[in-house]
Amino acid sequence: MEEIKKTERLFGEKQEDYLTVLTQIDIPLAIYQYVNNKIVTIFVSDALMEYMGHGITDRETMIEFYNEDMYRYVHPDDRDRIITAARDFATGRSGVYDVVYKEQLPVRTGWSVIHAHGYHHNMSDGTRYAIVYYDDITTARELNRAQEELVNRTFFESLAQYDEAIAIFDTETHELFYVNERMRKFVPPPPGYANGISIEEYLGISVLPFSANEMIERGKFTMMVPEKEKVMIFRASRTEWHGREACVLLLATHEDGQLVDELTALPSLNYLRVHGEKEMKTSIPGPRNFSVIFFDICDFKEYNYLFGYDAGDRLLKQCADVIREHFKGEFVCRFYDDHFVVLSTKDNLAEEIASVCRDIIGSGFGTTIQLKVGVYEMKNRDEGIISACEKAQIARKWIQFDSSKFCCFYEPYMQEIDVLQQYVASHIDEAIDEGWIEVYYQPISCTLFGRICSFEALARWRDPERGLLEPGVFVGALEKSHQIHKLDAYMIHLVCRDMRKRMDDGETVVPISFNLSRLDFVSCDIFQIIEDAVAAENIDRSMLHIEITESLFAANTYIKEQVVRFHKAGYEVWMDDFGSGYSSLNVLKDYDFDALKIDMVFLSKFDQRSKDIIRAIVVMAKKIGIRTLAEGVETEEQLAFLRQIGCEFVQGYLISAPLPIRDGIKLLESKNFSLVNPKERVFFGNASKLDFTTDRSMAVTFYDGQNQHFLFANDKFKQALADVGMTSLKDAEDEMNERHLPTGRMYRSFVERTAASGKQEEFTYSAGGKYMRLTLEAISEMDGKYIFVNSLETMTVHADTKKIARFNRYLMAMAMSYDDVALIHFDEDYAETIISLGAFYDGDDARHYKLKESCRLYAEIFVHPEDRDAYLAFAEPDTLIKRIEDAEAGYLSEEFRRRRSTEEPYIWHQYTVFLMPNSENLVMQMVRRAPHAFHCGCRE
């Protein structure tokens, strides 16, 4: 202790001597500094290297090891706690560092117990350091064996006087360490009893009902005691016995076995263990097969944390009631915590389970409750009910990290999961070094335009021995072993590298999104890792989108601060799996997000209720300025619905499965998908702000400088088109873009006027016997291309009486300005007189059949002899339509001398012909006096 004080005094008073002093002191210690949100090791003592260096003798190597993987040899059960304590100490949240934990030391086999304690020291220049001392408590006990023996004797005497029967045994080997006098009285030792026998041998059973760790986790359980020939209640807790992890087993000497769960009034796990086999025979008699269903409420601990234990209890009771209602007459029990087990003979299990999940999903008092369900179809009753439950649990674990699935049926290969996860945990470093980790990219499409606007980066592990590993396997294994940050950091490096290569090759790049885990924020400075990758490859921060599940925001204040840090730095932050957690609306209230990814659970059952929920989410998001993305889109029906409600982006197998970048680009090109460039992202992005669920008539069109294309039209807009005889958007689009038609020319002129004005314009026209009002507004412009919002309405008699009367006068005046108007029906080979002598014609002889013959007779009787050949060439029925279509103006117009009768002189008239809208074989001919009209003075 005197040496420690001397060290601290010199370190604080005379900076230049501190390294010399520390090197001379035979104490395991290290000095740290908190730099750029990261704990950095700057010094380790010789004693620390000797005790904890695992063969490292060079100080710089030891410092490098501590900076990269300080907690490698810390016991997994202690790792998170130590990391959190160290970060709290480093950031000043706690003034003293004082922790005890287990660590593997090179000086002995097994786990050693370490006591680490430290304090902050401020240098004269204001720099702050932390000195941490490490004591091997295990060694201290060995050096003080006499004192330990005294403690042990006192401890044994205390245990001997304890009121309950006690046994202490090794959690791994089950070697019996100690039984007190009361246990000997209640369960007499077996013949030939001696130290070293197992707890099973002492109790006279072949095997414990479950492992020691599971006993400790449950806390309380029942077990058959052969000596008493009855089931008894046991309690278990964890302790340490001479440096070995041990289980303390207390046998209650009373007989009140808790076989019914007090909260839910369902049979308990104890009941299942004791009476499960009997229940199986009585509830399901005969050779009939049945299934074991394991229900798990996801993230129930977080639910308790957010809403309190009373709310958690209410939720458990609700879930129990729902499950019991769906499985009436079948065995239902509360397995433990937030887990339920059902023994069922139903044939339609998948449908029944889906129904349970739907009924429970809204039971979370305003939040979304998710279930994960595992099913084991039990065909051999000799297997045992507990074994069957364990296999149902394995099936549930199989989909633990797959947000698209809520139910899984057990398959034998699933037992390999544990083995495979152990392999992953021990080979992640090799996988990174050898390049077994690959990035697959799944495209995200702009719903309105059908263009690829971004990709999500997803990890794939291509193992040389085991092939392509499922993400659910290796991600889960790395989460469990607290190594997921290694994968995520490497993925970020690969993403930035791929993007830089495409940019250097002159190829279009779009933003990439990727997921971050909660452990990324605990195990490393993930923000700095991303910043370093971005800087190394010279990537703009806007090209990376950070996906974070809402549950991460409820984790702790530090993680919340880091997420805000990403957003402020210029990265887009997306909420992933929106609606799957417990605090969606609260998180939206407290944080700014750029986009919401709607959880795929809403699309898995694409019924009206799901549609209503998705629509409500999209409308809400638009009102607060957040974009929406729907995952798991697999059908054209889903895509059409999402486009109709204005969901901006979609992702799913309908567009493409995740693929390597080059394979993905090839597939997209084969399906006529293209990537948007930076200018187009802004251009298209403005349309995403529109409310597509509006009650008014609305359509969105894209004008490419030549033609208009419909991107969206709601039902009211389509109905307005139908009112004027247009049965499809294609018909309307064709007419808008047909330059040969008057309506096409008028619409094009209207578009150009609206684009030039920069404001909303209104255009009224007559069609289908009705007056129509079209409004147009440009909401986005890029290089002469525009996105327009259209509204089309039928003018009503009551609301627009004055306007309609005015338009009627205009049309009548226009009609009266023509001498003759006729419709030429080429498909039926006749001409129909509409106006004659400036008035509407309604005579019985309005139709003139045989167009060629009619043209010849008309020319001989009414056209001046010198103009007859020219007129016949102009009116030639065989070529008239083709000549109109080829005309740049979209119509033909020439002047000829004609007379009304043989008694009148010839006068110059203008003949104009054009195709009628929505028709390929109907031409209108309009005749009026030419502007310079005069009669030529001859009658023959």
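Report on the accompanying structure. (Residues numbered from 1 in each chain as written. Predicted model: local features only at pLDDT ≥ 70, side-chain atom pairs only at ≥ 80, totals over all residues. Heavy atoms only, no water.)

On to the overall build of the protein chain, then. Looking only at helices and strands, the protein chain has 34 helices and 36 strands in total. Buried positions account for 50% of the 940 residues belonging to the protein chain. For the protein chain, contacts bridging at least 24 residues in sequence account for 57% of all contacts bridging at least 6. Working note: accessible area of the protein chain is about 45,700 Å², and carbon and sulfur atoms make up 50% of it. (Helix = DSSP H or I, 4+ residues; strand = E, 2+ residues; numbered from the N terminus. Buried < 20%, exposed > 50% of the residue type's maximum accessible area, 1.4 Å probe, protein only. Contact = heavy atoms within 4.5 Å. Areas by Shrake-Rupley, 256 points an atom, 1.4 Å probe, with all protein chains shown as cover.)

Now for a nonpolar patch on the surface. The grouping of Tyr305, Leu306 and Phe307 at the surface amounts to a nonpolar patch, some 300 Å² of accessible area in total. Taking relative accessible area as the criterion, leucine 306 reaches 34% and is therefore assigned partly exposed. (Patch = residues over 30% accessible without salt bridge, like charges linked within 9 Å, V, L, I, M, F, W, Y side chains within 5 Å. Salt bridge = Lys/Arg side-chain N within 4 Å of Asp/Glu carboxyl O.)

Interaxial distance between helix H24 (residues 608-623) and helix H25 (residues 636-645) falls to 10 Å at its minimum, and their mutual angle equals 35°. Every pair of crossing elements has a handedness; the one defined by H24 and H25 is right-handed. Contacts between H24 and H25 pair Lys611, Ile614, Arg615, Val618 and Lys622 from the former with Glu637, Phe641, Leu642 and Ile645 from the latter. Classifying every residue of the contact of H24 with H25 by side-chain character gives 5 nonpolar, no polar and 4 charged. (Axes fitted to C-alpha atoms, helices over the stretch in contact; angles between N-to-C directions. Left-handed = near helix turned anticlockwise from the far one by under 90°. Nonpolar A, V, L, I, M, F, W, Y, C, P; charged D, E, K, R; others polar.)

Contact geometry of helix H12 (residues 300-307) with helix H13 (residues 309-326) gives a least axis separation of 7 Å together with a crossing angle of 135°. Of the possible angle classes, the one that applies to H12 and H13 is oblique. Where H12 abuts H13, its residues Phe300, Tyr303, Asn304 and Phe307 lie against Tyr309, Ala311, Gly312, Leu315 and Leu316. Class assignment for the residues of the contact of H12 with H13 results in 7 nonpolar, 2 polar and no charged. (Parallel < 35°, antiparallel > 145°, perpendicular 65-115°, else oblique.)

Let us now look at the pattern of salt bridges. Applying the stated criterion across every chain, the model contains 43 salt bridges. Where glutamate 325 meets lysine 328, a salt bridge forms, and the shortest distance between an N and an O atom there is 3.0 Å. Given the relative accessible area of 48%, glutamate 325 is considered partly exposed. Among the salt bridges present, the one from glutamate 860 reaches arginine 856, with a minimum N-O distance of 2.7 Å. With a gap of 4 residues between them, glutamate 860 and arginine 856 both fall in helix H32 (residues 851-862), about one helical turn apart. One network of salt bridges, in which partners are shared, links Lys501, Arg502, Asp505, Glu507 and Arg662.

To continue, consider the side chain of glutamine 393. Mapped onto the elements of the fold, glutamine 393 is located in helix H15 (residues 385-398). In this structure, glutamine 393 is in contact with Phe294, Phe335 and Tyr336, ignoring residues within four places of it in sequence.

This part takes up the nonpolar core. Counting 105 residues, the largest nonpolar core has Phe455, Ile530 and Phe566 as its most contacted members. Ranked by the residues each element gives to this core, the list is headed by helix H18 (residues 484-504), at 9 residues. Per-domain counts for this core show at least three residues from each of domain 4 (420-620 + 631-658) and domain 5 (694-807). Ignoring sequence-local partners within four residues, the contact set of isoleucine 530 consists of Ile492, Phe514, Leu516, Leu544, Ile546, Phe566 and Tyr571. Listed in part, the 30 residues of the second largest apolar core include Tyr66, Tyr73, Phe89 and Val522. (Core = buried A, V, L, I, M, F, W, Y, C linked by side-chain atoms within 4.5 Å. Domains from an automatic or database assignment.)

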